[in-house]
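Secondary and tertiary structure notes
So you can see what is in the structure, the chains are spelled out below.
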Amino acid sequence: MKKNLFVFISAIILMLACNKSPVETEIKTGFVQITGKIDDYKGIFRTGKLTYFDGITRTVKEKIFKIDDSGTFILSFDLTHPITGSIFFDIENEYYSGFYIEPNEDYHILLKDGKLFFTGDNAGINTEIKKYRDTLYSILSNEIKAAEFLHEKGLPMDEYVNAQKTLEETKLRILEDFITQKYISKEAFEVIEKEIKFKTAHSWICYRYDYSQGWPKIREGLPSNFLEQIINQYPIKNIKDIESRNCIDYISNIIILIEEKNFNANKKIGFIKKTKEFSENEMKIVEQIIKRNREIYTSNEYDIFNTEENQKKLTYLGAQYNLQALLSQLENIKPDFGRDILISQSISKNFFENNISPKQSDWDKIEKSIGNKSLYNYLKNFNYKKTPYEDEITEELKTNIEEIIKKYINPYTGKIIYIDFYSTWCGPCRTEIPFAKKLYEKYSGKNIVFLNLCAQSNKENWENHIKQKEIKGENFLLTNEEYNLFAKLYHIKGFPTYVIIGKQGEVINNNAPRPSNTIAITQTIEELIKVQ
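These notes cover the structure that comes with them. What you are looking at is a predicted structure, and each value in this text was computed from that prediction instead of being measured.

1. Comments concerning the pattern of salt bridges
- The full count for this structure, using the stated rule, is 16 salt bridges.
- In this structure, Lys194 and Asp241 form a salt bridge, with 2.7 Å as the shortest nitrogen-oxygen distance. In this pair, Lys194 sits in helix H4 (residues 186-205) while Asp241 sits in the loop between helix H5 (226-233) and helix H6 (245-261), placing the two residues 47 residues apart along the sequence.
- By relative accessible area, Asp241 is classed as buried at 3%.
- Close ionic contact of Arg514 with Glu432 constitutes a salt bridge, the shortest N to O distance being 4.0 Å. With Arg514 in the loop between strand S17 (507-509) and helix H18 (518-530) and Glu432 in helix H15 (residues 427-442), the pair connects residues that are 82 residues apart, well separated along the chain.

Put into structure tokens, the structure is as follows:
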């Protein structure tokens, strides 16, 4: 364990030692406005959605906007850093991605024949990026597709990494030709170059998962310096690095890998025990949870322990422990942007994603650990709350929302509604199917409806999915506009998401337990059924 800890710290030191870039790392929020026009607009879809990632916290942000009768729309939002590959439009059942946006700029776009075109003064860099990508895919389409499935081939690590690096080198050679021929600007070159390199970094770090059984599990036999090798070749230097989705996910995987390799159940138990937040009998349950003993969830003792208050305490203390463990590994390393962004995403992963905030004592430690004070201030003021969007719904959207409520929710008034928002391509969604079937069978004939709302899927795949998986309950395929409105209403961030609606149509829980969390969802349903 001590050797592994030394290796991880050495890896972070290497990442930071490479950070000599003069690029500005101050976190400054800038205003962005996008004005769009849909060519030959039919007026069927009245809203659209923009989704983008915040790289500092790796959180998803969304903007739903109205489309007027002429097919024109305007939306504005705050942005802290340039983004590419982590932003996309969902308009008229079409997805548009692969473009570049930066703070303090106005953009004009045209949607025509299923394609997105940038027009006006800021069209240049996106036109250049598109030209490169079109050329790249015309040359390397098969190789790029094959690389996406290399993790399923059971290759030795060296062979896998060499294949990814060879593809990276080929992409970079084509990019060098573009800059030599003056097809693209230096700015576009730098955006694409970072995207290419961090694609390899992300693929490499994800090699630690073995998919040979059809689902990811930690691969055995990885070298002790696995992380060190990756970070040595792909350091995170400045805020320009986190503009790409590849880098954002790469950072996230570094944090997860550190937590995986340094997980110590006894230390975590000892940490929680010292807080005296739980009684002696409750600590026995906590110990089994931390030691990942699944049998504890079916015990009577767990049923007694499993209160909302206890779950909140356990979630907070787990987040506090993970933060303390990470900071202890980094305390002897000079603060720099790469180090700071690891802390930043770790805070978001452990606190914000669980809808909780660090306490002041935690913030005091964080402030001492983060060298970039603008980044610290950004985190301290970050709006992490996950609540329904009702207070943000404009008058213009209310009519459309009322229509989907009338169509999908009102028919079941008087019954509890357990909604599953899913997609046919979603792996975690498929994992829940056997548990969902058992839940349906358990409450068949009871005063509850299982409403399965499929989104972002085509009709043929949806119909085959229902038939092949024998999906029980009420099944509907949402249009993109319908899903966007539900996402706005219930704060849906991804698949699967489960929502519980009460007998009078009220939202009971917009982040309800999954079917696989048998104890929690059963307890919730039982309590609601009892309510007259």
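Resuming the write-up.
2. Things to note about the sheet that holds strand S4 (residues 72-79)
- The strand order S4-S1-S9-S10 describes an open sheet built from 4 strands, whose pairing is mixed. The outermost strands of the open sheet, each flanked by one partner alone, are S4 and strand S10 (115-119). This sheet shows a mean twist of 25° between the axes of neighbouring strands, independent of strand direction.
- Of the pairings in the sheet, the one linking strand S1 (residues 30-38) to strand S9 (residues 105-112) comprises 7 bridges and is parallel in character.

3. Side note on the sheet that holds strand S14 (residues 448-454)
- The mixed open sheet is built from 5 strands, whose spatial order is S15-S14-S13-S16-S17. The open sheet has two edge strands with one neighbour each: strand S15 (474-477) and S17. Strand-to-strand, the axes of this sheet are offset by a mean angle of 25°, without reference to chain direction.
- Where S14 and S15 come together, 4 bridges link them in parallel fashion.

4. A few points about the packing of aromatic side chains
- Within this structure, the stated rule accounts for 30 aromatic pairs.
- Aromatic side chains Phe99 and Phe118 sit 5.7 Å apart centroid to centroid with 55° between the ring planes, which places their arrangement in the tilted category. Taken as a pair, Phe99 in the loop between strand S7 (94-96) and strand S8 (100-101) and Phe118 in strand S10 lie far apart in primary sequence, 19 residues in all.
- A relative accessible area of 12% places Phe118 in the buried class.
- An aromatic cluster is defined as three or more aromatic residues linked by ring pairs; in this entry it consists of Phe65, Phe73, Phe89, Phe99, Tyr107 and Phe118.
- The lysine or arginine in question, Arg292, covers the ring of Phe263, its NZ or CZ lying 4.2 Å from the ring centre.
- For the cation-ring pair, Lys313 lies above Phe278, with the distance from its terminal atom to the ring centre recorded as 4.8 Å.

5. Description of the nonpolar core
- In this structure, Phe226, Tyr250, Ile254 and Ile272 are the most contacted members of the largest nonpolar core, which totals 68 residues.
- Counting residues per element, this core draws most heavily on helix H10 (residues 308-330), which supplies 9 residues.
- Those residues in contact with Phe226 that lie beyond four places of it in its chain are Met157, Trp204, Ile205, Tyr207, Arg208 and Leu257.
- Core analysis: the next-biggest nonpolar cluster, separate from the first, contains 31 residues, Cys454, Ile471, Tyr483 and Ile501 among them.

About the cut-offs
Residues numbered from 1 in each chain as written. Predicted model: local features only at pLDDT ≥ 70, side-chain atom pairs only at ≥ 80, totals over all residues. Heavy atoms only, no water. Salt bridge = Lys/Arg side-chain N within 4 Å of Asp/Glu carboxyl O. Helix = DSSP H or I, 4+ residues; strand = E, 2+ residues; numbered from the N terminus. Buried < 20%, exposed > 50% of the residue type's maximum accessible area, 1.4 Å probe, protein only. Pairing = 2+ DSSP bridges. Axes fitted to C-alpha atoms, helices over the stretch in contact; angles between N-to-C directions. Phe/Tyr/Trp six-rings, centres within 6.5 Å; stacked < 30°, edge-to-face > 60°. Lys NZ or Arg CZ within 6 Å of the ring centre and 35° of its normal. Core = buried A, V, L, I, M, F, W, Y, C linked by side-chain atoms within 4.5 Å. Contact = heavy atoms within 4.5 Å.

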